[in-house]
Amino acid sequence: MAVIAPTDFRKRKERRKWQGRAFFVLCLLAITVALGMLLVLLIYIGMKGWSHVNWSFISSFPSRHPDEAGIQSALLGSVYLVIIAGIVSFVLGVGAAVYLEEYAGRNRFARIAQINIANLAGVPSIVYGILGLEIFVRSMGLGKSLLAGGFTLALLILPIIIISAQEAIRAVPPSIREGGYALGASRWQTIWNLVLPQAFSGILTGVILSVSRAIGETAPLIVIGALTFVPFSPDGPLSRFSALPIQIFNWTARPQAGFQEAAAAGIIVLLIVLLGMNALAVILRNRLENRS
Amino acid sequence: MEEQANSHDRSEAPRPRNRRMWHGVPLERVIGFFLFLCAAVSVLTTIGIVAVLVWEAAQFFGEISFFDFITGTKWTPLFASKHFGVLALVAGTVQTAIGAMIVALPLGLLSAIFMSEYAPNRIRGLVKPVLEVLAGIPTIVYGFFALLFITPLLRDVSGGISVFNGLSASIVMGIMILPMVSSLSEDAMRAVPRSLREGAYALGATKLEVSTQVVIPAALSGIVASFILAMSRAIGETMIVTIAAGQNPNFTLNPLVPIETMTAFIVQVSQGDSPTGTLEFKTIFAVALTLFVFTLFMNLLSQYIVARFREAYE
Amino acid sequence: MLQADPILQTKDLSVYYGANRVVTEVSLDVLRNRITAIIGPSGTGKSTLLRCFNRMNDLIPTFHLSGEVLFEGNNLYEPTVDATDIRYQIGMVFQRPNPFPKSIFDNVAFGPRINGYNGNLADLVEWSLQRAAIWDEVKDRLKSSALSLSGGQQQRLCIARTLAVEPTVILMDEPCSSLDPIATLAIEELMRELSEEYSIVIVTHNMQQAARVSNYTAFLMAEGDRVGQLVEFGESRQIFTNPQDERTEAYITGRFG
């Protein structure tokens, strides 16, 4: 057996300590840069646009004059889009999640659907725009309407809604279902009366977060033909439309400083709406956690 | 007795709710079929995407040589002298995506190490949601920020930088995908069992050594998957590059000049007045198909890496 | 008692996690080149006490202590002492084998590498594996993953990994609790061999094991808020045949715990 000579394990001690400290500082720096960027972004936009945010900005139609330009039609367009996308994706998403969790078991279709959903979540949003253009705008003849836009956004957020709804349904303990079946309830009665009420706030949280993603989507709406200058409020589901991000995009691309301020003001409104929806989701999630 | 009375009533009891019919079909089966249709929509979406892209792109390739498309470096479909070399757009996409990764990779990984190995739970619980706010900001906002804040800043540093350039878009896109890298990497690192860390600490390892020589290797598949997903996200990102990087399909990797990405080109045509059915309009399907193939490949790759190389711990 | 030469000592040691006291006023001497067993019912601070000796408790944010822990007469918890310096001199083997997801060779070489070993690494790895009585089983597959070994082999690999940084003390936290009886016997045999050169402290649930392998035994228990108090400490033979304290007797005869 080899005899090991006394070794000098202390040799690198100082260097290792120094390296360890340097690494910690590096990690701290990285996270500071990341959080700092967020801060800079918010401050910059706030400084640029805050003075522009007022009631007349929200209630006016777009204009060729930056000082008179407003977001009424774009904001309404976004609201309608989100309502359509929210309802459609909620029904389809929860239905699909219930099917995959409670009905499908481990069959072939369920496996394919599951892999498919994971991949759909990674498809670039602009590709959904092209799908919407071909299917809703052209094949179904909806035109470049709110309905086409809402359906497109619904498909875009569907994978996220299905995944979060599945998680919420999976979190309901099996004993609840067994309790239902033991009383002679059918599968659907058990799901409708016992499982879904338990999972509801979790599902709703996921829907709200997904819908808030839809509000900020720009690219697919450009592709299906959202307008950048809409001096009228949408008057029905087949009306042509603009949306808040589209309006911001249009103003950002203009050289006049006044429009850039209007864009920043539009961003502030958009972020406030998003913040409100996220706060709602957090409140719901907390209520859910407190209950269980 | 009460019970007997009840049992007599049973013959006249209403039909149990769970046997209700709907047009002669048991309600249960109708509902089951409806739920199946909901799940089928997601599969149909994929089929729809592939069908639309392949069908329209096939028509495009009926007029333009597929070989010229994938090997050409000149992209001028909207000009009088038309060239359809998609590599000019691919170069723009790859350049900005790689640039974004150069920003997001070190920052994201170090942030993940900070949260997983250094930060006390209280700090982590505070920092992580704030970091995820970055992921929730609409890309149009990042585009605005890139063009009107980062670009002027870069041009102050060097006058040789164009108003539209890949660098500004890369930096901002890097910030955008950073939470994806940090969040997924951190999840992978936290899944490494405590006992492995303790084993290394018990041998006299410092935090740096535990992080880089034990935790990162053990979580490598998850970390690499997060990189690939973030890269795929950067490739498909549209608004930042459309606003900040320009609409000049230059076949170059120079980040200081205007370029055009695949996504920005699709926006350009969509905004323009090319009538549907024209060759100009059909280009967007060929480009979108290329984009779709890129991102699909990366998503599948990341799933494969997670499934294949995951270390199974109890 | 041949030589009363303590290598580790605790003096009035109390350990807290936040406001909870989990070890209460323990004063204990661990003698050089002997095996000291710490026994007692679950939740009486045995592992916590063990982890004070190599400052592994530092990793828990709410941990703090009062009293002293001495290693070769020096207080381990002096502010000037760096925990990483302590840990390679006082090695530790854990309850469940925890090999790194690396090759067998890299597992053993990990400690020497980070500590800047400048001798022949291959020799050191071989020596450590031989010392841990696993060399013959793995010498042909040093490059394969450590996770491919059986539980008992993994645990001996972890012992080899500990030996490779040349500690003077080895702490063992229920090293056999996840192993089958045959693997357990192999580890116990190994401990007896190692005790010629190393001082070993072992926490165990298994009283037969303590009686079989240890020279000295400490019995910890909880009474009211005095969690983790040392009831009795002495030569194992005496503790297991003629305990002085009736609570020790009650425990080893199986009347509680």
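Note that the coordinates shown come from a computational prediction; the quantities given were computed from them, not determined experimentally.

J.: How should the overall build of chain A be read in this particular structure?
T.: When helices and strands are counted, chain A shows 11 helices and 0 strands. Element order for chain A, N to C, with α for helix and β for strand: α-α-α-α-α-α-α-α-α-α-α. With the C-alpha coordinates aligned to their principal axes, the bounding extent of chain A is approximately 90 × 65 × 40 Å. Relative to its 292 residues, chain A shows a buried fraction of 53%. Of the contacts made within chain A by residues no fewer than 6 positions apart, 73% connect residues no fewer than 24 positions apart.

J.: What's the story with the overall build of chain B in this structure? I'm lost.
T.: Assigned secondary structure in chain B consists of 13 helices and 2 strands. Whereas a compact globule of 314 residues would reach a radius of gyration of roughly 20 Å, chain B reaches 27 Å, over 25% beyond that. Along the longest, intermediate and shortest principal axes, the C-alpha atoms of chain B span 100 × 70 × 35 Å. Within chain B, the fraction of its 314 residues that count as buried is 54%. Residue pairs in contact within chain B that sit at least 24 positions apart in sequence constitute 71% of those at least 6 positions apart.

J.: Explanation requested: the pairing of strand β9 (residues 216–223) of chain C in the structure shown.
T.: Within a regular strand, the side chains alternate between the two sheet faces. All names here are of chain C. Within β9, 6 of the 8 residues are buried, leaving the element largely enclosed by the surrounding structure. One ladder, built from 4 bridges, connects strand β3 (residues 35–39) with β9; its direction is parallel. Residue Ala37 lies in a different strand from β9, and its bridge partner there is Thr217. Summarising the sheet, β9 and strand β10 (residues 226–235) pair through 7 bridges and their orientation is antiparallel.

J.: Before we go on, may I ask you to explain the domain arrangement of chain B in this structure?
T.: Residues and elements named next belong to chain B. Each assigned domain of chain B is listed here: domain 1 (1–63) and domain 2 (87–309). Centre-to-centre separation of domain 1 and domain 2, based on C-alpha positions: 40 Å. Both faces combined, the contact of domain 1 with domain 2 buries some 900 Å², and carbon together with sulfur accounts for 84% of it. Applying the counting criterion to the domain 1 and domain 2 interface returns 1 salt bridge. Two residues, Glu63 and Lys282, come together in a salt bridge whose shortest N-O distance is 3.9 Å. In this assembly, domain 1 and domain 2 are joined by 0 residue pairs in polar contact (both at pLDDT 80 or more). For the side of domain 1 that touches domain 2, a count of residues per class yields 8 nonpolar, 1 polar and 2 charged.

J.: Explanation requested: the confidence of the model for chain A in the structure shown.
T.: When pLDDT is low, close inspection of the predicted coordinates is not appropriate. Put simply, chain A has an average pLDDT of 88, and 94% of its residues get 70 or more. Predicted confidence is poor over residues 1–7 of chain A, with pLDDT under 50, and the contacts of this stretch with residues over four places away or in other chains come to 11 contacts.

J.: Just to check I follow, could you spell out the interface of chain A and chain B for this structure?
T.: By a widespread convention, an interface's size corresponds to the accessible area lost as its parts come together. The interface of chain A with chain B comprises 71 residues on the first partner and 78 residues on the second. Summing both partners gives a buried area of about 6,400 Å² for chain A against chain B, and 80% of it is carried by carbon and sulfur. The three residues of chain A that bury the most area against chain B are Phe23, Tyr44 and Phe249 of chain A, which together make up 9% of that side's buried surface. For the interface between chain A and chain B, the tally reads 1 salt bridge.

J.: I tried to follow the confidence of the model for chain B on my own but got confused; where do I start?
T.: Residue and element names in this part refer to chain B. With 92% of its residues at a pLDDT of at least 70, chain B reaches an overall mean of 89. Considering each helix and strand of chain B separately, the mean pLDDT is smallest for helix α1 (residues 2–9), with a value of 45, and largest for helix α4 (residues 87–118), with 96. Quick note on the complex model: pTM equals 0.87, ipTM equals 0.90.

J.: Just to check I follow, could you spell out helix α2 (residues 27–63) of chain B for this structure?
T.: Residues spaced three or four apart along an α-helix point in a common direction, a consequence of the helix completing one turn every 3.6 residues. The end-to-end C-alpha separation of α2 of chain B is 53 Å, in line with the 54 Å expected for 37 residues at 1.5 Å each. In the structure, α2 of chain B departs most strongly from a straight axis at Val41 of chain B, where the bend amounts to approximately 25°.

J.: How should I be thinking about the interface of chain C and chain B in this particular structure?
T.: With 26 residues of chain C at the contact, the number on the chain B side is 20 residues. Summed over both partners, the interface of chain C with chain B buries about 1,800 Å², with 64% contributed by carbon and sulfur atoms. Where chain C touches chain B, the interface holds 1 salt bridge. Residue Glu198 of chain B pairs with Arg51 of chain C through a salt bridge whose shortest N-O separation is 3.0 Å. Here chain C is connected to chain B by 4 residue pairs in polar contact (both at pLDDT 80 or more). Looking at the side of chain C that touches chain B, the elements that each hand over two or more residues are α2 (83–89), β6 (90–93), α3 (104–114) and α6 (151–163) of chain C. Looking at the side of chain C that touches chain B residue by residue, the class counts come to 14 nonpolar, 7 polar and 5 charged.

J.: What am I meant to see in the pattern of salt bridges here?
T.: Opposite charge on two side chains lets them pair, provided their charged atoms get close. Scanning all chains against the criterion turns up 30 salt bridges over all chains. Between Arg177 of chain A and Glu102 of chain A there is a salt bridge, with its nearest N and O atoms 2.7 Å apart. You can see Arg177 of chain A sitting in helix α7 (residues 174–182) and its partner Glu102 of chain A sitting in helix α3 (residues 72–103), a full 75 residues away along the chain. The pair formed by Arg177 of chain A and Glu102 of chain A is uniform in burial state, with each residue classed as buried. In this structure, the salt-bridge partner of Arg247 of chain C is Glu223 of chain C, at a minimum N-O distance of 2.8 Å.

J.: Mind showing me how you'd approach the packing of aromatic side chains here?
T.: Any aromatic ring pair is given by two values, namely how distant the centres are and how the planes are angled relative to each other. Residue and element names in this part refer to chain B. One pass over the full model with this rule turns up 29 aromatic pairs over all chains. Judged by centre distance (5.0 Å) and plane angle (80°), the ring pair of Phe61 and Phe66 falls under edge-to-face. The exposure class of Phe66 is partly exposed, given its relative accessible area of 49%. Each ring, one from Phe69 and one from Trp75, has its centre 6.2 Å from the other, and the planes form 65°; the classification is edge-to-face.

J.: Even after reading the chapter, I still don't get helix α7 (residues 181–194) of chain C, so can you show me in this structure?
T.: All names here are of chain C. Across its 14 residues, α7 extends 20 Å between first and last C-alpha, which sits within 8% of the 20 Å expected from 1.5 Å per residue. What α7 keeps buried is the set Ala183, Thr184, Ile187, Glu188, Leu190, Met191 and Leu194. For α7, the buried positions fall inside an angular range of 160° around the axis, keeping them on one side. Opposite the packed face of α7, turned more than 90 degrees from it, sit the exposed residues Pro181, Ile182 and Leu185. On the buried face of α7, the contacting elements are β3, α4 (121–131), α6, β7 (169–173), β8 (199–203) and α8 (207–213). Regarding α7, its N-cap is Asp180, as a side-chain oxygen of that residue lies 3.0 Å from the backbone nitrogen of Ile182 further along.

J.: What exactly am I supposed to notice about the packing of α4 of chain B against helix α7 (residues 166–190) of chain B here?
T.: The packing of two helices is summarised by the inter-axis angle and the distance between the axes. All names here are of chain B. Packing of α4 against α7 brings their axes to within 6 Å, and their N-to-C directions diverge by 35°. Every pair of crossing elements has a handedness; the one defined by α4 and α7 is right-handed. Taken together, the residues of the contact of α4 with α7 sort by class into 19 nonpolar, 11 polar and 2 charged.

J.: Honestly, the side chain of Thr151 of chain B in this entry has me stumped. Any pointers?
T.: Along the chain, the position of Thr151 of chain B falls in helix α6 (residues 139–157). With sequence-adjacent residues up to four places away left out, Thr151 of chain B is seen in contact with Ala146, Ser162, Val163, Asn165 and Ser168 of chain B.

J.: I tried to follow the side chain of Ser168 of chain B on my own but got confused; where do I start?
T.: By the secondary structure assignment, Ser168 of chain B is in helix α7. Contact partners of Ser168 of chain B, with chain neighbours within four places excluded, come to Ala146, Ile150, Thr151, Leu154 and Ala244 of chain B.

J.: Honestly, a nonpolar patch on the surface in this entry has me stumped. Any pointers?
T.: Taken together, Val79, Tyr80, Ile83, Ile87 and Val91 of chain A together with Phe34 of chain B make up a surface patch of nonpolar side chains, about 520 Å² in accessible area. No other element matches α3 of chain A, which puts 5 residues into the nonpolar patch. Looking at the secondary structure, you find Val91 of chain A in helix α3. Judged by its relative accessible area of 40%, Val91 of chain A is partly exposed.

J.: Please explain unusual backbone geometry as it appears in this structure.
T.: Trans peptide bonds make up most of the peptide bonds, and negative phi angles are found at most residues other than glycine. Residue and element names in this part refer to chain C. Unlike most non-glycine residues, Asp12 shows phi in positive territory, near 50°. For Asp12, the location among the structural elements is in strand β1 (residues 6–17). Here the phi dihedral of Asn33 falls at roughly 55°; this positive angle occurs in a residue that is not glycine. By the element assignment, Asn33 lies in the loop between β2 (20–31) and β3.

Scoring rules and cut-offs
Residues numbered from 1 in each chain as written. Chains lettered and ligands numbered in written order. Predicted model: local features only at pLDDT ≥ 70, side-chain atom pairs only at ≥ 80, totals over all residues. Heavy atoms only, no water. Helix = DSSP H or I, 4+ residues; strand = E, 2+ residues; numbered from the N terminus. Buried < 20%, exposed > 50% of the residue type's maximum accessible area, 1.4 Å probe, protein only. Contact = heavy atoms within 4.5 Å. Rg over C-alpha atoms; globule rule 2.2 N^0.38 Å. Pairing = 2+ DSSP bridges. Domains from an automatic or database assignment. Buried area = accessible area lost by both parts, 1.4 Å probe. Salt bridge = Lys/Arg side-chain N within 4 Å of Asp/Glu carboxyl O. Polar contact = N/O pair within 3.5 Å; in protein donor to acceptor, adjacent residues only side chain to side chain. Nonpolar A, V, L, I, M, F, W, Y, C, P; charged D, E, K, R; others polar. pLDDT = per-residue confidence, 0-100. Expected span 1.5 Å × (residues − 1). Bend = angle between axes of the 7 residues up to and from the residue. Phe/Tyr/Trp six-rings, centres within 6.5 Å; stacked < 30°, edge-to-face > 60°. Arc of directions from axis to C-beta. Axes fitted to C-alpha atoms, helices over the stretch in contact; angles between N-to-C directions. Left-handed = near helix turned anticlockwise from the far one by under 90°. Patch = residues over 30% accessible without salt bridge, like charges linked within 9 Å, V, L, I, M, F, W, Y side chains within 5 Å. Areas by Shrake-Rupley, 256 points an atom, 1.4 Å probe, with all protein chains shown as cover.

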